[in-house]
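A structural walkthrough
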Amino acid sequence: EAVSKEDWPNPIQAVTNSASFKIGPISPGELISVWGTALAKDTAAATAVPLPKELGKVRLTINAESAPLYFVSPGLINVQVPASIPPGNFAQIDIWSNGLYSEPFEVTTSKTSAAFFRYNNEAIVTLAHGPNAGQLVNIGNPAQSPAGNSCEFCYISLWATGLGLTNPPVPSGESPPGSTLARVIASLAVEIGGKKAEIQFAGLHPYYPGLYQINVKTPSGLNGRQTGKLIVENAEVDNFTVYTVSQ
């Protein structure tokens, strides 16, 4: 039997971007982390795509729409924002957990809310092509990287969430169908070392809902540790580091 909201007051304490862990507006398709107390009785993780909308006897809705779940635990729920959530407004988050209904938690919404996934406080940058594809470019001393990881004209991949809707649209919790490339609609630019970098692809990863991949060709004439910037809709939203060497 369901218990009234009054019996489970204010279980949600904060909602953050799952990459930056910063509080801010949520956007369609973004991966968010919901923090609180007694959100679930047990820990459970999704094992397949499409992502489930009930996991470990937990459901989460945003504006009354069930959201796809990656992970649930007593203190944290990782979830993807439904693509239908309208930007520039407010949204209400509710949780049903083992028969309990939470007090609603209100957040603001936006078209995008981009942030890079990080490791040891550095945005993750990997090689996009070649025998070392997928290996880190920017973590630690570049001398420790595989041959070719610090170079001119490297093709690198940046990993983010919160880049908004795509063309073609992809339902939340699902992967792009077949070999279809779901490209970001929002205006994007990447700069490395103060130079504009060529974006070859910016869109959803083919296997992981809510994960965006940005493939970039590094500019020529750079040498050493460089700072890169991600610019979305003409505003700088995040940065990264990459090692380059002019050959």
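First, a word on what this report is: a plain description of the structure on this page. (Residues numbered from 1 in each chain as written. Predicted model: local features only at pLDDT ≥ 70, side-chain atom pairs only at ≥ 80, totals over all residues. Heavy atoms only, no water.)

**A few points about the overall build of the protein**
Quick note on the threshold: The secondary structure listing takes helices from DSSP runs of H or I that are at least 4 residues long and strands from runs of E that are at least 2 residues long, numbered from the N terminus. Accessibility here uses a 1.4 Å probe with only protein chains present; expressed as a share of the type maximum, an area under 20% marks a residue as buried, one over 50% as exposed, and anything in between as partly exposed. Working rule for contacts: check all heavy atoms of both residues, and any pair within 4.5 Å makes them a contact. For accessible areas, the Shrake-Rupley method is used with a probe of radius 1.4 Å. Any residue's cover is judged against the shown protein chains and nothing else.
Summing up its helical and strand segments, the protein has zero helices and 22 strands in all. In the protein, which comprises 247 residues, the share counted as buried stands at 48%. Taking all contacts inside the protein whose residues are at least 6 apart in sequence as the whole, residues at least 24 apart take part in 61%. Within the structure as shown, the protein displays about 11600 Å² of accessible surface, and the carbon and sulfur contribution to it stands at 51%.

**A short note on the pairing of strand β20 (residues 212–217)**
Test applied: Strand pairing requires that DSSP identify at least two bridges connecting the strands.
Counting buried positions along β20 gives five out of six residues, so the element sits mostly inside the fold. Two elements, strand β15 (residues 155–161) and β20, share six bridges in a ladder whose sense is antiparallel. Counted as the bridge partner of Tyr155 is Lys217 from β20. Note: strand β19 (residues 195–204) against β20, six bridges, orientation antiparallel. What sits directly across from Ile199, in β20, is Val216.

**Some remarks on the pattern of salt bridges**
Pairs can form between side chains of opposite charge once their charged atoms are near each other. What counts here: Just to be clear on terms, a salt bridge is a Lys or Arg side-chain nitrogen sitting within 4 Å of an Asp or Glu carboxyl oxygen.
Here the structure, examined in full by the defined rule, presents five salt bridges. Here Glu54 and Arg59 are joined by a salt bridge, their closest N and O atoms 2.9 Å apart. On the basis of relative accessibility, which here comes to 28%, the residue Arg59 falls in the partly exposed class. The salt bridge involving Lys229 is made with Glu236; its shortest N-O contact spans 3.8 Å. Accessibility expressed as a relative area gives 47% for Glu236, which makes it partly exposed.

**Points about unusual backbone geometry**
With omega at 5°, the peptide bond leading from Val49 into Pro50 counts as cis. The topology assignment puts Pro50 in the loop between β3 (44–45) and β4 (58–62). Here the residue pair Asn167 and Pro168 is connected by a cis peptide bond, since its omega of -5° sits within 30 degrees of zero. Its place among the elements puts Pro168 in the loop between β16 (166–167) and β17 (183–184). Positive phi, close to 50°, is recorded for Asn98, a residue that is not glycine. Looking at the element boundaries, Asn98 is found in the loop between β8 (90–97) and β9 (100–101). On the accessibility criterion, Asn98 (26% relative accessible area) is partly exposed. Backbone geometry places Asn234, a non-glycine residue, at a positive phi of 70°. Residue Asn234 is classed as exposed on the basis of its relative accessible area, which comes to 75%.

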